[in-house]
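Per-entry structural report
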Amino acid sequence: PDRLTFIRQLPKAELHVHIEGTLEPDLIFRLAQRNGVTLPYADVDALRAAYQFTNLQSFLDLYYAGAAVLLTEQDFYDMTMAYLTRIAQDGVVHTEIMFDPQTHTERGVPIADVFAGIARALREGKAKWGITSCLIMSFLRHLSEQAAFDTLDEALPLRADYADVWLGIGLDSGEQGNPPEKFERVYARCRELGFYLVAHAGEEGPADYVSGALDKLNVIRIDHGVRSEEDPALVARLAARRIPLTVCPLSNLKLKVVNDMREHNLKRLLDQGLCVTINSDDPAYFGGYLLDNYVAVAQALDLDDEDLVKLARNSMDARFPVFVSQS
Ligand code: ADE
Ligand code: ZN
């Protein structure tokens, strides 16, 4: 079979995707119209033309603006269903989805509606396509730790209703200047509560933030982590403990974490024995879903079938619960 067919038929899990980052421009416009929200763009093409990013923050500004059209339970359902419909074609058998409740509650959207809409789609997606899934509730790191505690308190009464889907806690948004230590207490609380812990680290921020996420937050998986390479001792530790990295190649390219896909360190990290996985991050903004990410790196880094099988297998191994060795 050709490359695309070969990759498509490999059982793959997506472990790093922000559901708000799957909101396609045409759905943004449809929801804006349905909800009477005025957008500062004339049409879908004008919005899409604005997707030119210079760094993480330039993307986040647009991403939060796009998310402002999400108001009702049905909106969250429609967005999630569109994503599942899309990945069902890519041979994705499992997905662990991040969502940012603070982006919505600060606009007055009840957190219960956010949970309800996303979970309804996930349950339906499992019945329809057999795609298994779970949710990672993520705190915005540019906000305070107290705001994270408040969000956790708002969400906990819903936990029993979503025990089948809400399994994880994550940390995202602007990394630089918002180190993992800032969230040490709220992560300790989430750990006591029995959630699986992950955090973005080493995307734009330094390798120290990856060590910090491991040591201070006790995460079992690192989102991105590509800057770990700057600390050889850290790389050795990630390899020895088989801590998965959820790498997002097209995201790294669009946000200028790398200037050329041929310079991406994914293959070097894989060859050093790390549990590297491929993910889409915010596919509506970065020009590709999971399969597109596999194809882009396979071409740019000249990956062979063995590498691709290993990457797909890593993604299945790195699903919750993640078994990492101690120390
Ligand atoms: N939120 C959505 N995508 C993100 C990314 N790549 N890094 C940090 N926060 C995000
Ligand atoms: Zn991300």
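Think of each chain on its own: its residues are numbered from 1, step by step along the sequence as written. Chain labels run from A onward and ligand labels from 1 onward, assigned in the order the entries are written. Local features in this predicted model are restricted to residues whose pLDDT is 70 or higher, and side-chain atom pairs enter the listing and the counts only when it is 80 or higher, whereas totals over whole chains, interfaces and linings include all residues.

Going by an unreviewed UniProt entry, the protein carries the name Adenine deaminase and comes from Advenella kashmirensis W13003. Note on the protein: under the UniProt heading Function (unreviewed entry), the record states "Catalyzes the hydrolytic deamination of adenine to hypoxanthine. Plays an important role in the purine salvage pathway and in nitrogen catabolism." Per UniProt, the protein carries the Sequence similarities (unreviewed entry) text "Belongs to the metallo-dependent hydrolases superfamily. Adenosine and AMP deaminases family. Adenine deaminase type 2 subfamily." UniProt positions are given in the numbering used here, feature names are shortened, and annotations may be inferred rather than shown by experiment.

1. Regarding the packing of helix α8 (residues 145-155) against helix α9 (residues 184-192)
Two numbers describe how α8 lies on α9: the axes approach to 8 Å, and their chain directions differ by 25°. Judged on the interaxial angle alone, α9 and α8 are roughly parallel. Contacts between α8 and α9 involve Glu145, Ala148, Phe149 and Leu152 from the former and Arg185, Val186, Arg189 and Cys190 from the latter. Side-chain classes follow a simple rule in which Ala, Val, Leu, Ile, Met, Phe, Trp, Tyr, Cys and Pro form the nonpolar group, Asp, Glu, Lys and Arg form the charged group, and the remainder, Gly included, forms the polar group. For the contact of α8 with α9, the per-class residue count stands at five nonpolar, no polar and three charged. Angular values range over 0 to 180 degrees, each being the angle between N-to-C directions of two axes fitted as lines to C-alpha atoms, with helices fitted over their stretch in contact. Labels follow the DSSP assignment, with helices taken as runs of H or I lasting at least four residues and strands as runs of E lasting at least two, numbered in each case from the N terminus. Working rule for angles: under 35 degrees goes down as roughly parallel, over 145 as roughly antiparallel, 65 to 115 as roughly perpendicular, anything else as oblique. A pair of residues counts as a contact when their C-beta atoms, built from backbone coordinates, are within 7 Å of each other.

2. Comments concerning the site of ligand 1
By definition, a residue lies near a molecule or strand when the C-beta atom built from its backbone is within 6 Å of it. Every residue close to ligand 1 is listed here: His18, Gly21, Leu56, Tyr63, Asp172, Ser173, His200, Glu203, Ser251, Asp281 and Asp282. Along the lines of polarity and charge, the residues of the shell around ligand 1 split into two nonpolar, five polar and four charged.

3. Here we look at helix α7 (residues 111-129)
Expected span of a helix, by definition, is 1.5 Å for each gap between consecutive residues, and there is one gap fewer than residues. The terminal C-alpha atoms of α7 lie 27 Å apart, and with 19 residues this matches the ideal 27 Å at 1.5 Å per residue to within 8%. Within α7 the residues assigned to the buried category are Val114, Phe115, Gly117, Ile118, Ala119, Ala121, Leu122 and Gly125. Residues of α7 that are buried sit in contact with α5 (73-88), β2 (92-99), α6 (101-105) and β3 (132-140). Partly exposed residues are those falling between the two cut-offs: more than 12 but fewer than 20 other C-beta atoms within 10 Å of their own, whereas 20 or more means buried and 12 or fewer means exposed, with C-beta atoms placed from the backbone.

4. Side note on the nonpolar core
To count as a nonpolar core, a set of buried Ala, Val, Leu, Ile, Met, Phe, Trp, Tyr and Cys residues must be joined through C-beta atoms within 7 Å. Counting 94 residues, the largest nonpolar core has Ile118, Leu197, Ala213, Val219 and Val276 as the members making the most contacts within it. If one sorts the elements of this core by residue count, α7 sits on top with six residues. Once residues lying within four places of it in the same chain are set aside, the contact partners of Val276 are Leu245, Val247, Leu266, Leu269, Leu270, Leu311 and Asn314.

5. Comments concerning the sheet that holds strand β1 (residues 12-18)
Two strands pair under a simple rule: DSSP has to find at least two bridges between them. Spatial ordering of the open sheet is given by β1-β2-β3-β4-β5-β6-β7-β8, a layout of eight strands whose pairing is parallel. The open sheet has two edge strands with one neighbour each: β1 and β8 (276-278). Neighbour-to-neighbour, the strand axes of the sheet open up by a mean angle of 25°, direction not taken into account. Bridging between β1 and β2 involves five bridges; their strand directions are parallel. What sits directly across from Val17, in β2, is Ile97. Docked against the sheet, α7 engages β2 and β3, running at close to 155° with respect to β3.

6. Some remarks on the UniProt feature "binding site: Zn(2+)" (unreviewed entry) in the protein
What UniProt calls "binding site: Zn(2+)" (unreviewed entry) maps, in this numbering, to His16, His18, His200 and Asp281. Look at the named residues: they lie 266 residues apart in sequence, but the longest C-alpha span between them is just 11.7 Å, so in the fold they bunch up. Relative to the helices and strands, His16 resides in strand β1. Assessed through the 32 C-beta atoms surrounding it within 10 Å, His16 is described here as buried. In contact with His16, not counting residues within four places along its chain, are Asp223, Thr246, Cys248, Asn279 and Asp281. The residue Asp281 is located in the loop between β8 and α14 (283-286) in this model. Apart from the residues within four sequence positions on either side, Asp281 is in contact with His16, Val17, His18, Gly21, Cys248, Ser251 and Phe286.

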